[in-house]
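# Working through the structure, step by step
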Amino acid sequence: MSAPIVNSCVNSMKSILIHFAHEHVDFRLAELASILKLFKITTCLPDQNGFSPFLKLDLPSLDCAQQIASRAVLIKSVYELWAQGKTHKELNESLSKLPAKFLDPYITSGDTYKFQVTSFNKKIPPKRKLEIIENLPHEVLAFEGRVDLKNHQHAYHIIEDYGSTMGKPTKEPEQVFFAKWIADGQRDKINEFHLQKRHFIANTSMDAALSMIMANLAKVGPNMVVLDPFVGSGSLLVSAAAKGAYVMGTDIDYLLLHAKSRPSRCNMKKRQSDESVYSNLHQYGLEKHFLNVLVADASKPHMWREQTFYDAIITDPPYGIREGAKKIDFNPTLSLTDEQRNGGTHIAQRTEYHLSDIFRDLLNFAARYLHVNGRLVYWFPVQLHTYAEGNIPSHPCLRLVHNCEQKLNSKVGRRLITMEKVCEFNDDMQDAKLAVDHFQEASFRDMYFSESSVLKEKLTQARSRPLKSAPQNDLEVNKRPQNDLELNKQPQNDLELCKQPQNDLVESRRDFSEDGVNDKLSQLNLK
């Protein structure tokens, strides 16, 4: 039998129940740990929580719980946990044992309240919800205030957990909680900052939820200075500025930063003249946090003064899928005129910027220009079946804090990497290194499209096979077996089997859509 939750009575710690949103499961604990460190809240976190959306914590106060909810994007709600059990009977017995010293402030306050039944992984009919509420030990929960479903001062939730969404919900709840609501997380901000409402977007603008998660992992707070060296349309700067930081960025794409590139919205032929990173911040009243954006090459760090500037660097480097990675490079064969050499009309030449070099340069830059204890948060694309921990770059100045996975499909994904600067940089330190270069054999673009290439090759082979010729006259069309012996005649060996008409092949020429490729290939017996 489960005991009542009495931490609130015997010491200063409060028992808290966190209900996570069922999204970006691998990022939950990383975001929570970063928020705890941001607010200097001391508690014990588990190493992992599986797929369960519920997590129990002991916090110093309810104010700490409200601080967590004020930042967390992946948390739906935070509760003060009163009791729990594996069944409703155990839950009610636990509630009956709550000390009077704990209950009296709520019982005698006269505040309005309501009871609410919440469930995970199963929909509960209203009749069942009412039955659960009526079966509570009301002789113990004898609140003197009145019930008010709309304008209540306190909400008491009975929460049923019907197991992981990875399988069918259990017939009966696996666990039941009774908890007092404290605050909701920042899920509403996802809609407020949604890209569909954004004034200026590009092909690779970061999703609003992921942008805010990155700001949390970087521990972005008021009056910090934050940089995005691959700024694009500035989605990451918007989320950082919303946390009170001053933001700036760099990008090599002059046309994009000056709203002269091809528009990313459907049915738009030309970008509006006022589209810019600044206009995005102005849209949300955050323009006072905007420092500037520079047209600059991230591979050339010597443009910066040799001192630490930034409290956080958050970025999403180009992978080469929708946007190619470019850098300025010297071409020794190029002849320049005197006018060009003296700062005239010469346009620097761009070359491919290898992904491995991007990440080495990024870590070297962070080691030089981040303040100590500042964080670097960036995305690292991977091929799932070849990825290993040694693929993540390292630097003597930087400590790996979090490594979270987001699967993009069955073949590729990306890791959200969080690093923290632990010591000052000096010139004697080694540059960033990769123990195992993930992109040595193939670029991420080749990894991403490799499966499609194989399918196309097999389809080309299928199309090149000779088809059985069509009937030449009515005699061939109407030709039928003359008796049951001919109708039932089966091939006697593999040779005869191979001589049968390839009807599936004829059908396969009519539809080679991507959705049916695997079925077609299995029918054609192509490897």
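Here, the structure is the one placed above.
Each chain has its residues counted from 1, running along the sequence as written. Only residues with pLDDT of 70 or above have their local features reported here, since the model is predicted, and side-chain atom pairs are shown and tallied only from 80 upward, although totals for entire chains, interfaces and linings are computed over all residues. No hydrogens and no water enter the side-chain calculation; it runs on all heavy atoms of the structure.

The subject of this paragraph is unusual backbone geometry. Positive phi values are uncommon outside glycine, yet K219 reaches one of about 55 degrees. Numbering of helices and strands starts at the N terminus; helices are DSSP runs of H or I of at least 4 residues and strands are runs of E of at least 2. Tracing the sequence through the fold places K219 in the loop between α8 (208-217) and β7 (225-228). On the accessibility criterion, K219 (13% relative accessible area) is buried. Non-glycine residue A259 carries a positive phi angle of around 55 degrees. Assignment of secondary structure puts A259 in the loop between α10 (254-257) and α11 (277-283). Only protein chains enter the accessibility calculation, which uses a 1.4 Å probe; a residue whose area is less than 20% of its type maximum is buried, one above 50% is exposed, and one in between is partly exposed.

Buried residues of nine kinds, namely Ala, Val, Leu, Ile, Met, Phe, Trp, Tyr and Cys, make up a nonpolar core once their side-chain atoms join them within 4.5 Å. Among the nonpolar cores identified, the biggest contains 77 residues, and Y310, L376, Y378 and L416 are the most heavily contacted of them. Broken down by element, this core gets its largest block of residues, nine residues, from helix α13 (residues 355-369). Not counting residues within four places of it along the chain, the set of residues in contact with L376 comprises I313, L362, L363, A366, L370, L398, I417, T418 and M419. Counting 22 residues, the second largest nonpolar core, distinct from the first, contains A83, I107, I133 and F178. In this description, contact between two residues means that some pair of their heavy atoms is separated by no more than 4.5 Å.

Before going further, it helps to examine the pairing of strand β10 (residues 310-315). With five of six residues buried, β10 lies mostly within the body of the structure. Strands qualify as paired when DSSP identifies two bridges or more between them. Pairing of β7 with β10 involves two bridges; the strand directions are parallel. Directly across from V226, in β10, lies its bridge partner A312. For β10 and strand β13 (residues 370-383), the ladder comprises five bridges, and the chain directions are parallel. Bridge pairing in β13 links T315 to Y378.

Using a 1 Å grid laid over the protein atoms alone, points where a 1.4 Å probe fits but cannot get out form a cavity; open sets with protein on both sides within 12 Å along at least 5 of 7 lines form a pocket; any residue with an atom within 4 Å of a point counts as lining. Grid points are joined across faces, edges and corners, and a volume is the space filled by probe spheres set on the points. Roughly 1100 Å³ of internal volume is contained in the largest pocket. Lining the largest pocket we find 46 residues, and of these N203, T204, P318, R322 and E323 sit closest to its centre. Elements that contribute at least two residues to the lining of the largest pocket include exactly α9 (235-242), α10 and α14 (444-464). Residue contributions to the lining of the largest pocket peak at three residues, all from α10. Classifying every residue of the lining of the largest pocket by side-chain character gives 23 nonpolar, 10 polar and 13 charged. Taken together, 20 residues form the lining of the second largest pocket, with V25, D26, L29, D47 and Q48 sitting closest to its centre. Elements represented by at least two residues in the lining of the second largest pocket include exactly α2 (28-38) and β14 (398-407). Among the elements that take part in the lining of the second largest pocket, α2 stands out by supplying four residues, more than any other. Counted by class, the lining of the second largest pocket contains eight nonpolar, seven polar and five charged residues. When residue character is reported, Ala, Val, Leu, Ile, Met, Phe, Trp, Tyr, Cys and Pro are called nonpolar, Asp, Glu, Lys and Arg charged, and the others, Gly included, polar.

All right, on to empty space enclosed by the protein then. Scanning the model with the defined rule gives two cavities of 30 Å³ or more in all. Residue contributions to the lining of the largest cavity peak at four residues, all from α13. Residues of the lining of the largest cavity, tallied by class, amount to 12 nonpolar, one polar and three charged. Size it by volume and the second largest cavity reaches roughly 30 Å³. Taken together, Y106, S109, G110, D111, Y113, F143, G145, H154 and Y156 make up the lining of the second largest cavity.

Moving on, we get to α8. Within α8, 10 of the 10 residues are buried, leaving the element largely enclosed by the surrounding structure. Those residues of α8 that fall on the buried side of the exposure criterion are A208, A209, L210, S211, M212, I213, M214, A215, N216 and L217. Positive phi appears at K219, one or two residues downstream of α8, with a value of about 55 degrees.

Attention now goes to the sheet that holds strand β4 (residues 113-120). Taking strand neighbours across the sheet as the criterion, the six strands line up as β2-β1-β3-β6-β5-β4 in an open arrangement whose pairing is mixed. Only two strands of the sheet have a single partner each, and these edge strands are β2 (54-59) and β4. In this sheet, neighbouring strand axes are inclined to one another by 35 degrees on average, regardless of whether the strands run parallel or antiparallel. Helix axes are fitted to C-alpha atoms over the stretch in contact, other axes to C-alpha atoms as well, and angles between N-to-C directions run from 0 to 180 degrees. Those strands touched by helix α3 (residues 62-69) are β1 (14-20), β2, β3 (75-85) and β6 (175-184), and its axis lies near 75 degrees from that of β6. Along the sheet, helix α5 (residues 100-107) contacts β3, β5 (154-161) and β6; its crossing angle with β3, the most-contacted strand, is approximately 130 degrees.

Okay, a nonpolar patch on the surface next. Together, Y254, L255 and V295 make up an exposed nonpolar region whose accessible area comes to about 270 Å². With respect to the helices, strands and loops of the structure, Y254 is situated in helix α10. What goes into a patch is any residue over 30% in relative accessible area without a salt bridge, connected to like charges within 9 Å or, for nonpolar side chains (Val, Leu, Ile, Met, Phe, Trp, Tyr), within 5 Å. Using a 1.4 Å probe, accessible areas were evaluated by the Shrake-Rupley method; residue-level cover was limited to the displayed protein chains. Put simply, a salt bridge is a Lys or Arg side-chain nitrogen that is within 4 Å of an Asp or Glu carboxyl oxygen.

Looking now at the packing of aromatic side chains. By convention, a stacked pair of Phe, Tyr or Trp rings (six-membered ring in the case of Trp) has centres within 6.5 Å and planes under 30 degrees apart, an edge-to-face pair has planes over 60 apart, and any other such pair is tilted. Tallied over the full model, the rule gives 32 aromatic pairs. Ring centres 6.0 Å apart and planes at 45 degrees place the aromatic pair F115 and Y156 in the tilted group. Note that F115 is positioned in strand β4 and Y156 in strand β5, a separation of 41 residues in sequence. By relative accessible area, which is 12% here, F115 ends up buried. Each ring, one from F309 and one from Y310, has its centre 5.8 Å from the other, and the planes form 45 degrees; the classification is tilted. Judged by its relative accessible area of 27%, F309 is partly exposed.

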